[in-house]
Amino acid sequence: MGRLTVRRPILRLRGQEPARRVVDTLAGEEPLEIRVAGRPLAVTMRTPGHDVELATGFLVSEGVLRRGDDLRAAIHCGGPGTGGGEPNTYNVLDLALAEGVEPPGEAVERNFYTTSSCGVCGKASIEAVRTTSVHDLTTDRCRVSRATLAALPGALREAQRVFDSTGGLHAAGLFDAATGEALVVREDVGRHNAVDKVVGWAAQHDRLPARGTVLQVSGRASFELVQKAVMAGIPVLSAVSAPSSLAVELADEQGLTLLGFVRGDSMNLYAHAHRVEGVDAATS
């Protein structure tokens, strides 16, 4: 079965000291082929673990699933192209949708490969990227304090168990906007995979739309992360780094509160600042 970490011998250089051979711990990265009813849909490079959450979140983000019980079953298959005679690699996941749930159409299908850094690779057109959400974020009137937002990056970092040993993973966490309580935290080599795992957890726990929550991510806020938050009905997305122009545009369109450069008590508000307590006057 795939592993979260892998130990490999390396040469370590420190200043003018002679090279030393040591063993380093690396973040695991393996392909996951997602199938629906036996039909290949996409391949993503991910850190093994929470694969059903990842696939569920992926299908929520693509508009195929609206809630957890839209997915009837998920099973790890043998290696790609096998007839079942080879050992199970746990790198192929076949999903069965509930009765009445439409299978993915051509607009959802990828060119069969998604890197760990890109959540929209292989999309046929920019129109297909702008998936329409069934959740109206403008009706979510949750409020979050600046103190809570300032504390979330640290809370996310403290929960990154695998990062401590590898230094090579992104993280995403879903937090209660009122209390700052961590509902779920997931790590992955791909930032979009980490978010898909969080969204998949929310779907499996009947928490879609994820009203009254903040999605905190460890890196930048790219377009696909805003898209995933919107599709899950998450009203606030907070990032420790910068958003892209398209991410800000989509957040503004969809009613998502978007923050970037959240570091200590400093942060930038890019869209729908009204959900952050104490800034209404500055945005009126």
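The present account deals with the structure reproduced in this document.

What counts and what doesn't
- Residues numbered from 1 in each chain as written.
- Predicted model: local features only at pLDDT ≥ 70, side-chain atom pairs only at ≥ 80, totals over all residues.
- Heavy atoms only, no water.
- Axes fitted to C-alpha atoms, helices over the stretch in contact; angles between N-to-C directions.
- Helix = DSSP H or I, 4+ residues; strand = E, 2+ residues; numbered from the N terminus.
- Parallel < 35°, antiparallel > 145°, perpendicular 65-115°, else oblique.
- Contact = heavy atoms within 4.5 Å.
- Nonpolar A, V, L, I, M, F, W, Y, C, P; charged D, E, K, R; others polar.
- Buried < 20%, exposed > 50% of the residue type's maximum accessible area, 1.4 Å probe, protein only.
- Pairing = 2+ DSSP bridges.
- Polar contact = N/O pair within 3.5 Å; in protein donor to acceptor, adjacent residues only side chain to side chain.
- Expected span 1.5 Å × (residues − 1).
- Bend = angle between axes of the 7 residues up to and from the residue.
- Core = buried A, V, L, I, M, F, W, Y, C linked by side-chain atoms within 4.5 Å.

What to know about the packing of helix α1 (residues 51–61) against helix α5 (residues 191–204)
Then, in step 1: Their axes nearest at 6 Å, the elements α1 and α5 cross at an angle of 90°. It follows that α1 is roughly perpendicular to α5 by the angle criterion. Facing Val52, Glu53, Leu54, Thr56, Gly57, Phe58, Val60 and Ser61 of α1, the residues of α5 in contact are Asn193, Asp196, Lys197, Val199, Gly200, Trp201, Ala203 and Gln204.
Then, in step 2: A breakdown of the residues in the contact of α1 with α5 according to their chemical character gives seven nonpolar, six polar and three charged.

Details of the environment of phenylalanine 58
Then, in step 1: Inspection of the secondary structure assignment puts phenylalanine 58 in helix α1.
Then, in step 2: As for phenylalanine 58 and valine 195, which are separated by 137 residues in sequence, their C-alpha atoms are 9.0 Å apart.

Some remarks on α1
Then, in step 1: Most of α1 is tucked away, with 10 of its 11 residues classed as buried.
Then, in step 2: Taken residue by residue, α1 has Asp51, Glu53, Leu54, Ala55, Thr56, Gly57, Phe58, Leu59, Val60 and Ser61 as its buried positions.
Then, in step 3: Where α1 ends, the next residue or the one after it, glycine 63, has phi of about 80°, a positive value.

Section: the sheet that holds strand β10 (residues 236–239)
Then, in step 1: One open sheet holds the six strands; their spatial order is β8-β7-β9-β10-β11-β12, and the pairing between them is mixed. Of all strands in the sheet, those bounded by a partner on one side alone are β8 (182–188) and β12 (266–271). Within the sheet, the average angular offset between the axes of one strand and its neighbour, ignoring direction, is 20°.
Then, in step 2: Bridging between strand β11 (residues 257–263) and β12 involves four bridges; their strand directions are antiparallel. In the sheet register, glycine 260 faces β12, and the bridge partner there is asparagine 268.
Then, in step 3: Those strands touched by α5 are β7 (170–176), β8 and β9 (213–217), and its axis lies near 145° from that of β8.

Details of the environment of histidine 76
Then, in step 1: Among the secondary structure elements, histidine 76 is positioned in strand β5 (residues 71–76).
Then, in step 2: Beyond its immediate sequence surroundings of up to four residues, histidine 76 is in contact with Asp51, Asn88, Tyr90, Val92 and Leu93.

Some details on the pairing of strand β3 (residues 30–36)
Then, in step 1: In terms of residue burial, β3 counts as a mostly covered element, since six of its seven residues are buried.
Then, in step 2: Strand direction decides the pairing type here: β3 and strand β4 (residues 39–46), joined by seven bridges, are antiparallel. Counterpart to glutamate 30 in the pairing with β4 is arginine 46.
Then, in step 3: Taking the residues that link successive antiparallel strands as the turn, the β3-β4 hairpin has two residues, and the phi of alanine 37 there is positive, at about 55°.

As for the side chain of aspartate 188
Then, in step 1: The residue aspartate 188 is located in strand β8 in this model.
Then, in step 2: When its relative accessible area of 0% is taken as the criterion, aspartate 188 is described as buried.
Then, in step 3: A distance of 3.1 Å separates a polar side-chain atom of aspartate 188 from the backbone nitrogen of threonine 47.
Then, in step 4: Setting aside chain neighbours within four positions, we find aspartate 188 in contact with Met45, Arg46, Thr47, Leu54, Leu169, His170, Asn193, Ala194 and Lys197.

Thoughts on the environment of aspartate 265
Then, in step 1: If you trace the backbone, aspartate 265 turns up in the loop between β11 and β12.
Then, in step 2: The exposure class of aspartate 265 is exposed, given its relative accessible area of 65%.
Then, in step 3: For the pair aspartate 265 and alanine 151, spaced 114 residues apart in the sequence, the C-alpha separation amounts to 8.5 Å.
Then, in step 4: Residues within four places of aspartate 265 in sequence aside, it is in contact with Arg146 and Ala150.

Structural notes on helix α3 (residues 146–158)
Then, in step 1: In a regular helix each residue adds 1.5 Å, so 13 residues correspond to 18 Å; α3 covers 19 Å between its end C-alpha atoms and thus fits that length.
Then, in step 2: In α3, a bend of some 30° at leucine 152 exceeds every other bend along the element, and proline 153, a proline, comes one to four places later.
Then, in step 3: Every buried residue belonging to α3 is among Thr148, Leu149, Leu152, Pro153 and Leu156, and all of these are buried.
Then, in step 4: Considering only its buried residues, α3 is in contact with β7, β8, β9, β11 and β12.

Some words on the nonpolar core
Then, in step 1: Residues Leu59, Leu215, Val226 and Leu237 are the most contacted members of the largest nonpolar core, which totals 49 residues.
Then, in step 2: Top element by residues in this core is α5. It accounts for seven residues.
Then, in step 3: Ranked by size, the runner-up nonpolar core spans 17 residues in total, among them Cys142, Ala177, Val214 and Val236.

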